[in-house]
Amino acid sequence: MSLKVTITDYGVGNLYSIRRSLEMCGAEVEVITDMSKLEDAECIVFPGVGAFNKSMERLLPYRDMIREKVSSGVPTLGICIGMQIMFEGSDEGTSPGLGIYDGRVEKLPCRMVPHMGWNQVESGDALMDGVTDRNFYFVHSYYGNPSDDSITVGTTEYEGVTFPSFFRRYNAYGTQFHPEKSSRSGRRFLENFISFAEGLA
């Protein structure tokens, strides 16, 4: 039986790409708009291209439940804004985040923002096993700045600035890059995530 992945639709873009990518990797996918259904999820994906406050609107009423669910060890993947909302808050908005990661989301201190296009991710994490080309696709103006450096499992350099781009706490991974837009590298990364999640079932 394939792993069932629950994608949270909280009003941001790019749901089709991540759904299709996960299905191509062999996962059974359900997209939900009712966040109470996360109570029964066996694997969670927070996707997205969007703004912090808007992304949190549907999630805030379920914040405590989501935090408890993720901290209990449910495999989770947050992508781009889906990763950023896993922090405590953001300079982009006023809403609290989910608080799964300690720290805040800050403006990328670079001349050219948004940071858009392909860039290297330096990481020794197991989700990068077999990823021979570490170039992934980015599009963002903000980045996660954790107060606990131990959750950073990957970094990226842009305009001479090295910023955290890949995180893990509990079984909750977060990526600033978009694996679903990253060709073969992203496909292998998502396959590794699904294998990781299946191994916890």
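Everything below is about the structure shown above.
My aim in this report is to walk through the structure given alongside it, one point at a time. Given the structure is predicted, the values throughout are model-derived calculations rather than measurements.

1. Details of the pattern of salt bridges
Applying the stated criterion across every chain yields a total of six salt bridges. For the salt bridge of Lys54 with Glu57, the shortest nitrogen-to-oxygen distance reads 3.6 Å. Taking the relative accessible area as the measure of exposure, Lys54 reaches 45% and is therefore partly exposed. In this structure, Arg104 engages Asp91 in a salt bridge whose closest nitrogen and oxygen atoms are separated by 3.2 Å. Of the two residues, Arg104 sits in strand S6 (residues 103-107) while Asp91 sits in the loop between strand S5 (89-90) and S6, which places them 13 residues apart along the sequence. Residue Arg104 is classed as partly exposed on the basis of its relative accessible area of 37%.

2. Observations regarding the sheet that holds S5
By way of backbone hydrogen bonds, the strands of a sheet pair with one another, either parallel or antiparallel. Strand order across the open sheet formed by three strands is S5-S6-S10, with mixed pairing between neighbours. Each edge of the open sheet is held by one strand with a lone partner, namely S5 and strand S10 (142-146). Note: S6 against S10, five bridges, orientation antiparallel. Across the sheet, residue Glu106 finds its bridge partner in S10, namely Tyr143.

3. With respect to the nonpolar core
Core analysis: the biggest nonpolar cluster contains 34 residues, and Leu22 and Phe189 have the highest contact counts within it. For this core, the secondary structure elements donating two or more residues are strand S1 (4-8), helix H1 (15-24), strand S4 (76-79), strand S9 (135-140), strand S12 (161-169) and helix H5 (183-200). Among the elements that take part in this core, H5 stands out by supplying six residues, more than any other. Residues within four places of Leu22 in sequence aside, it is in contact with Val5, Ile7, Ala27, Val29, Val45, Leu190 and Ile194. Among the nonpolar cores identified, the runner-up in size contains 28 residues, and Val12, Phe52, Tyr142 and Ile151 belong to it.

4. A few points about the side chain of Ser90
Counting through the fold element by element, Ser90 comes out in strand S5. A distance of 3.0 Å separates a polar side-chain atom of Ser90 from the backbone nitrogen of Glu92. Among all residues touching Ser90, those that are not within four sequence positions of it are Phe52, Arg104 and Val105.

5. Considerations on H1
Among the residues making up H1, those that are buried are Leu15, Ile18, Ser21 and Leu22. Taken around the axis of H1, the buried residues stretch over an arc of 140°, which confines them to a single face. Positive phi shows up at Gly26, right after H1, with a value of about 100°.

6. Comments concerning a negative patch on the surface
There is a patch of like negative charges on the surface, built from Glu39, Asp40, Asp64 and Glu68. Checked against the element boundaries, Glu68 lands in helix H3 (residues 63-71).

7. Observations concerning the sheet that holds strand S2 (residues 28-32)
With mixed pairing, eight strands are arranged side by side in an open sheet as S2-S1-S3-S4-S13-S12-S11-S8. Unpaired on one side and paired on the other, S2 and strand S8 (122-123) mark the two borders of the sheet. Where S8 meets strand S11 (residues 152-158), two bridges bridge the pair, whose relative direction is antiparallel. Along S11, the bridge assignment pairs Ser123 with Gly154. Most of the contacts of H1 go to S1, to which it runs at about 175°, and overall it touches S1, S2, strand S3 (44-46) and S4. The strands that H5 touches are S4, S12 and strand S13 (172-175); relative to S4, the one it contacts most, it runs at about 155°.

8. Things to note about the pairing of S4
Burial along S4 is two-sided: the residues Thr76 and Gly78 and Leu77 and Ile79 are all buried. Sheet analysis places S3 next to S4, joined by three bridges and oriented parallel. Residue Phe46 lies in a different strand from S4, and its bridge partner there is Gly78. Where S4 lies against S13, four bridges are found, and the strand directions are parallel.

Criteria and cut-off values
Residues numbered from 1 in each chain as written. Predicted model: local features only at pLDDT ≥ 70, side-chain atom pairs only at ≥ 80, totals over all residues. Heavy atoms only, no water. Salt bridge = Lys/Arg side-chain N within 4 Å of Asp/Glu carboxyl O. Buried < 20%, exposed > 50% of the residue type's maximum accessible area, 1.4 Å probe, protein only. Helix = DSSP H or I, 4+ residues; strand = E, 2+ residues; numbered from the N terminus. Pairing = 2+ DSSP bridges. Core = buried A, V, L, I, M, F, W, Y, C linked by side-chain atoms within 4.5 Å. Contact = heavy atoms within 4.5 Å. Polar contact = N/O pair within 3.5 Å; in protein donor to acceptor, adjacent residues only side chain to side chain. Arc of directions from axis to C-beta. Patch = residues over 30% accessible without salt bridge, like charges linked within 9 Å, V, L, I, M, F, W, Y side chains within 5 Å. Areas by Shrake-Rupley, 256 points an atom, 1.4 Å probe, with all protein chains shown as cover. Lys, Arg positive; Asp, Glu negative; His and termini not counted. Charge placed at Lys NZ, Arg CZ, Asp CG, Glu CD. Axes fitted to C-alpha atoms, helices over the stretch in contact; angles between N-to-C directions.

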